[in-house]
Amino acid sequence: MRLTVIGCGYLGAVHAAAMADLGHHVLGVETDPARLERLARGEAPFYEPGLDELLRRGARTGRLRYTAALDAAAARADVHFLAVGTPQSPSGRGADLSHLWRAVDSLAAVLPRCVHPDGMPLVVGKSTVPVGTAQQVADRLAGRALVVWNPEFLRESMAVADTLSPDRIVYGLPDETARAERARTILDEVYAPILAAGAPRLTMGYQTAELVKTAANAFLATKISFINAMSALCAATGADVTVLADAIGRDARIGPHFLRAGLGFGGGCLPKDLRGLEQRAAELGANGLASFLGRVDSINRGQRDRVTQMALEALGPDAAGRAVTILGITFKPDSDDLRDSPVLEVALRLADAGAVVTVHDPRGLAGLSRLHPVLRTQPDALRALEGAELVILGTEWKELTDLDPEAAAARVARPVLIDARNALTPSRWTAAGWDYHGIGRPSEPRRSAPRRRALAGTMVG
Ligand code: UDX
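Residues numbered from 1 in each chain as written. Predicted model: local features only at pLDDT ≥ 70, side-chain atom pairs only at ≥ 80, totals over all residues. Heavy atoms only, no water.

A.B. asks: Looking at this structure, how should I read the sheet that holds strand β11 (residues 376-377)?
C.D. replies: Within a sheet, each strand pairs with its neighbour through backbone hydrogen bonds, oriented either parallel or antiparallel. Here six strands make up an open sheet; going across it, the order is β11-β10-β9-β12-β13-β14 and the pairing parallel. The two strands at the open ends of the sheet, each matched to only one other strand, are β11 and β14 (435-437). Where strand β13 (residues 416-419) lies against β14, three bridges are found, and the strand directions are parallel. Residue I418 lies in a different strand from β14, and its bridge partner there is H437. (Pairing = 2+ DSSP bridges. Helix = DSSP H or I, 4+ residues; strand = E, 2+ residues; numbered from the N terminus.)

Written out as C-alpha cells, the structure reads:
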C-alpha cells in the first residue's frame, strides 16, 4: 500500500521504517531539515536499538522515502498517518496541538473532495491527543478522508519491537457503521502481518481510543509514584522497598513491572501525558481524577527533591567546590533522550549549589555541555570517578550497574554512593568499602534490628 507518515520524530520515524519493513511504500514527511537529511541518508536521528537497520533496509529497497512537504502527488496515498509531536504547551499543563493542526490543514489543502466515502483515503491519528481531538480532526477532513485514531504505545529503547509486535492495536473508529467498517478494513490491510502474528485488535469509538493511550501512561506513572511513596515509608522504618516490590509484584493482579523505586519517571511521554490528562479531566469536571493525577505528578517530582537533598547532606554543610560524579544522565537506559530527565535535574541543582559536577553516560553526552555548560562530561566511566567525593547512579545502564565496586573505589576521593535507581546490589558495594545509600532500602540485607543511618532518616518524602 502507499502510505505517508506525517511527522518523523520518535514515533513517526519508527512507524515509517516499520511500515516499509512490512512491505508498504512509505513517504515520511518531516519539516526539520537536519532530521530530514539524516533520515534520507538512512540514519536514525536519535539512538534507538534496531532502528538504523530498518532505515537502511527501507532506503535500499526504495520503499522508504522522505519529503519536506506534502504535495498533491503524495496525497494520492491510501493511508496518511499523523505522527506529529503534541508537546506540553509552554503556557500550561495541556497539550500544544499546533503541529497537529498544521498537519491536518496541509492534508485538507491537498486531499480532493470526494462524494462517496469509498473513494476517500484513510487518515490515521497516532499522536497522543486530548480526548475530543479525533472528532475535531474528522470534522476538519469531512468529505475528504475517513479518520481513525490508532494510538501508539511504544517505549523508547524498545520502539521497533513494540511497533512490529505490539501487545494490542487500538482502533478508534467513526460512529457510522459503513464508514467504521471501511476504515477498519483498510487499517487491517496495513497491519495484516502484525494481526496475522496474533496481535489483538481492539475497536472502539474515538473518545475511548484517545483515553486508552493517556490512561495507560497515567496508570504506569501511578505505579511508579505508588512505589516511590512507599519507599519513603520503607526508609523511615528500615524496610526494603525492593524486597517489598518483589513480594507484592508476585500477585498476578499487581504484576512485577513499573515498581522500581528511585528517581521517578521522566522522558518525553509519561510526565506530559499525565499532565495533559490532568488538565483535560479538570476541564471536563472529572475533579477526582484531576487531583489524583496531580498527586502522582507531585510525588514524582518530589523524588528529585529527595535525591538532591540526600546528595547535599552527603556533601556536608557546604557543597561549593565539592566534586560530584553522576553516572547516567538520560531519562532511562538504552536511550540518548534527555527530555525531562530526573537525574539531569538533580545534576543541575547540585551545580547550582556550587558542586563541581562531572557526568558520564554511554549515549547521553552529545550536546550536553552545549545545553548545560555548567556540567563537565567524561566519556570514560572510571575516569569520571577520579577524585569524586560523591557518586550518584542516575540511570541504570547495564555497563554502569556492571562496574566493579573495587575499581570504582580506587578512583574516588570518598567512596560515598547514592544509588538513585536502586539498581545495584548494596552488599557488593559496601564490601568494597562504599557508603551505600539507596532509595528506601538499607545498605545491607537486614540481619538484625534496623539500623537507622543518618542519611536514611532524612529520606521521608
Ligand atoms: C512510556 C510508556 O511506557 C510507553 O508505553 C508510551 O508509549 C510512551 O511512554 P518511555 O517514555 O519510553 O515509554 O519510558 P518507560 O520505559 O515507560 O519509562 C518511563 C520512565 O519511568 C523512565 O524515566 C524510567 O526510568 C521510569 N521508571 C520506569 C521508573 O522510575 N520505575 C519503573 O519501575 C519503571
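A.B. asks: Explain the domain arrangement of the chain to me, please; I cannot follow it from the model alone.
C.D. replies: Frequently, the measure chosen for interface size is the accessible area removed from exposure when the parts meet. Under the domain assignment, the chain is made up of domain 1 (2-199) and domain 2 (204-461). For domain 1 versus domain 2, the distance between C-alpha centres works out to 34 Å. Taken residue by residue, the interface counts 33 residues in domain 1 and 29 residues in domain 2. Note on domain 1 versus domain 2: buried area summed over both sides is about 2,600 Å², and carbon and sulfur give 56% of it. At the junction of domain 1 and domain 2, the tally comes to three salt bridges. The residue R93 makes a salt bridge to E278 at a minimum N-O spacing of 2.9 Å. Where the side of domain 1 that touches domain 2 is concerned, the elements lending two or more residues are α5 (133-140), β6 (146-149) and β7 (169-173). (Domains from an automatic or database assignment. Contact = heavy atoms within 4.5 Å. Buried area = accessible area lost by both parts, 1.4 Å probe. Salt bridge = Lys/Arg side-chain N within 4 Å of Asp/Glu carboxyl O.)

A.B. asks: Hey, could you run me through helix α9 (residues 206-237) in this one?
C.D. replies: Because each turn of an α-helix spans 3.6 residues, side chains separated by three or four positions in sequence point in the same direction. The terminal C-alpha atoms of α9 lie 47 Å apart, and with 32 residues this matches the ideal 46 Å at 1.5 Å per residue to within 8%. Phi turns positive, to about 90°, at G238, one or two residues after α9. (Expected span 1.5 Å × (residues − 1).)

A.B. asks: What should I look at first to understand the nonpolar core in this one?
C.D. replies: Within soluble globular proteins, side chains that are nonpolar generally end up buried alongside one another. Ranked by internal contacts, the top residues of the largest apolar core, which has 44 residues, are F81, L122, L187 and Y191. By residue number, the principal contributor to this core is helix α1 (residues 10-21), which donates nine residues. Membership of the second largest hydrophobic core comes to 30 residues, among which are A75, V84, L107 and V170. (Core = buried A, V, L, I, M, F, W, Y, C linked by side-chain atoms within 4.5 Å. Buried < 20%, exposed > 50% of the residue type's maximum accessible area, 1.4 Å probe, protein only.)

A.B. asks: What's the story with the side chain of R322 in this structure? I'm lost.
C.D. replies: With respect to the secondary-structure elements, R322 resides in the loop between α12 (287-315) and β9 (323-327). A polar contact of 2.7 Å, which involves the side chain of R322, links it to the side chain of E389. (Polar contact = N/O pair within 3.5 Å; in protein donor to acceptor, adjacent residues only side chain to side chain.)

A.B. asks: What is the right way to look at the pairing of β6 in this model?
C.D. replies: Walk down a regular strand and you will see the side chains alternate between the two sheet faces. Residues L146 and V148 line one face of β6 and the alternating positions V147 and W149 line the opposite face, and both faces are buried. Strand direction decides the pairing type here: strand β5 (residues 122-125) and β6, joined by four bridges, are parallel. Note that in β6 the partner of L122 across the bridge is L146.

A.B. asks: Explanation requested: the site of the ligand in the structure shown.
C.D. replies: In the vicinity of the ligand lie 20 residues, with F153, L154, E156, R260 and K332 positioned nearest. Backbone polar atom of R260 to an oxygen atom of the ligand: 2.8 Å apart, as the coordinates give it. Protein burial of the ligand: of its 660 Å² of free accessible surface, 94% is covered by the chains. The dominant element in the shell around the ligand, judged by the number of residues it contributes, is α9, at four residues. Of the residues in the shell around the ligand, the class split is 10 nonpolar, three polar and seven charged. Residue-level mapping places the shell around the ligand at the junction of two domains, with at least three residues from each of domain 1 (2-199) and domain 2 (204-461). (Near = heavy atom within 4 Å. Areas by Shrake-Rupley, 256 points an atom, 1.4 Å probe, with all protein chains shown as cover. Nonpolar A, V, L, I, M, F, W, Y, C, P; charged D, E, K, R; others polar.)

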